[in-house]
Amino acid sequence: MSNKKVILVTGASSGMGKETALQLIKEGHIVYGAARRVEKMQDLVKAGGYALELDVIDEKQLENAVNQIITEQGKIDVLINNAGYATYGSVEETPIADARRQFDVNIFGLARLTQLVIPYMRAQKSGKIINISSMGGKIYFPLGAWYHATKHALEGWSDSLRLELKPFNIDVIIIEPGAIATEFGDVMTEPMLKRSGNGPYSAVAQSMAKAVKDSYEQKNASSPPSLIANAIAKAIKSKRPKTRYRLGKLAKPLVWMRTYLGDRIFDRVVMSQVK
Ligand code: NDP
């Protein structure tokens, strides 16, 4: 494989996806960014990349995206499954349709795209699939049941896939970011308050909204998306990438606490921040 790789990044219209796509273009790779808001990817095009309109829950658009890259480049070396968002709200008050959509975007859309890409990687006997999970795939916050369910699922799904694809020389790499300053907090907060901001869970919903706002707006409370972009670029370069990269504000200490101090202490620590 030459050093110049053909790379598809989902969720490239904002946050970590955009930052990663821009960095990989700068490093000389052929980069396709994909998202629903194509107009927000014009900077990628200006930088020398490509922008594809893609809603990851739209089967036809998924097929078109992969077909276009194969037609234009003949291969896909790296798939970065980054598109995603957080559905927050109490389990009691979150409509099941919203919960299903959360799984459709964060799990099934990602899984379907992966299915479409694997045959090409298998044929060339190389490839890297990089799944953006979260520290939230190992820990949890109140009102985040559906989001954490998708990211916990993605962890196990990716681990199994790694074993499955190893014989074909395809690496599966999990990224577990901590708090990263992107549009993520805004996308999650308003719908959460709509679902749970006025009923029996209003106190915890209001404090979660405040905690999220603080963590994305206060200085040093979150990390820049470039931190994740660098880790992804490093994993792409590496002959033997790690199975997991956990980095960004709070990711290491919070996962450590949950693992070594246990659930009850972790519950107390989390709830002490949300009141
Ligand atoms: P942003 O909200 O800034 O970016 C999310 C990206 O996902 C956007 O480009 C958006 O594009 C895209 N997206 C959302 N829904 C869809 C869809 N149905 N089809 C295609 N694209 C979609 O957030 P981040 O950069 O923070 O999020 C990237 C990933 O990182 C997510 O998987 C998130 O769960 C994860 N993460 C984020 C953390 C954080 O603190 N920020 C922490 C840990 C993990 P568009 O709307 O144009 O379609």
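Refer to the structure above for everything that follows.
Residues numbered from 1 in each chain as written. Predicted model: local features only at pLDDT ≥ 70, side-chain atom pairs only at ≥ 80, totals over all residues. Heavy atoms only, no water.

### Description of the packing of aromatic side chains
Describing an aromatic ring pair means giving the distance of the ring centres and the angle of the ring planes. Here is the rule: Centre distance within 6.5 Å is the pairing criterion for rings of Phe, Tyr and Trp, where only the six-membered ring of Trp is used; planes under 30 degrees apart are then read as stacked, over 60 as edge-to-face, and the remainder as tilted. A run of H or I in DSSP becomes a helix once it reaches four residues, and a run of E becomes a strand once it reaches two; helices and strands are each numbered from the N terminus. Classification of residues uses two cut-offs on accessible area relative to the type maximum, computed with a 1.4 Å probe and protein chains only: under 20% is buried, over 50% is exposed, and between them is partly exposed. Sitting over a ring, as applied to charges here, requires NZ of Lys or CZ of Arg to be within 6 Å of the ring centre and within 35 degrees of the ring normal.
Inspection of the entire model under this criterion finds 7 aromatic pairs. Between F103 and W146, the ring centres sit 6.4 Å apart and the planes meet at 85°, which makes this aromatic pair edge-to-face. With F103 in helix α4 (residues 96-124) and W146 in helix α5 (residues 145-165), this residue pair connects regions lying 43 residues apart in the sequence. Overall, W146 belongs to the partly exposed group, its relative accessible area being 22%. An aromatic cluster is built from Y88, Y147, F184 and Y216, whose rings are joined through pairwise contacts. In this structure, R122 is placed above the aromatic ring of F168, and the distance from its NZ or CZ to the ring centre is 5.7 Å.

### Details of the nonpolar core
The line we're drawing: Among buried residues, the Ala, Val, Leu, Ile, Met, Phe, Trp, Tyr and Cys ones that are joined through side-chain atoms within 4.5 Å form a nonpolar core.
In terms of nonpolar packing, the biggest core is built from 27 residues, with L8 and I129 touching the most fellow members. Mapped onto this core, the elements with two or more residues apiece are β1 (6-10), β2 (30-35), α3 (59-73), α4, α5 and β6 (170-177). With 6 residues, α4 is the largest single contributor of residues to this core. A21, L24, I228 and I232 belong to the second largest nonpolar core, which has 26 residues in total.

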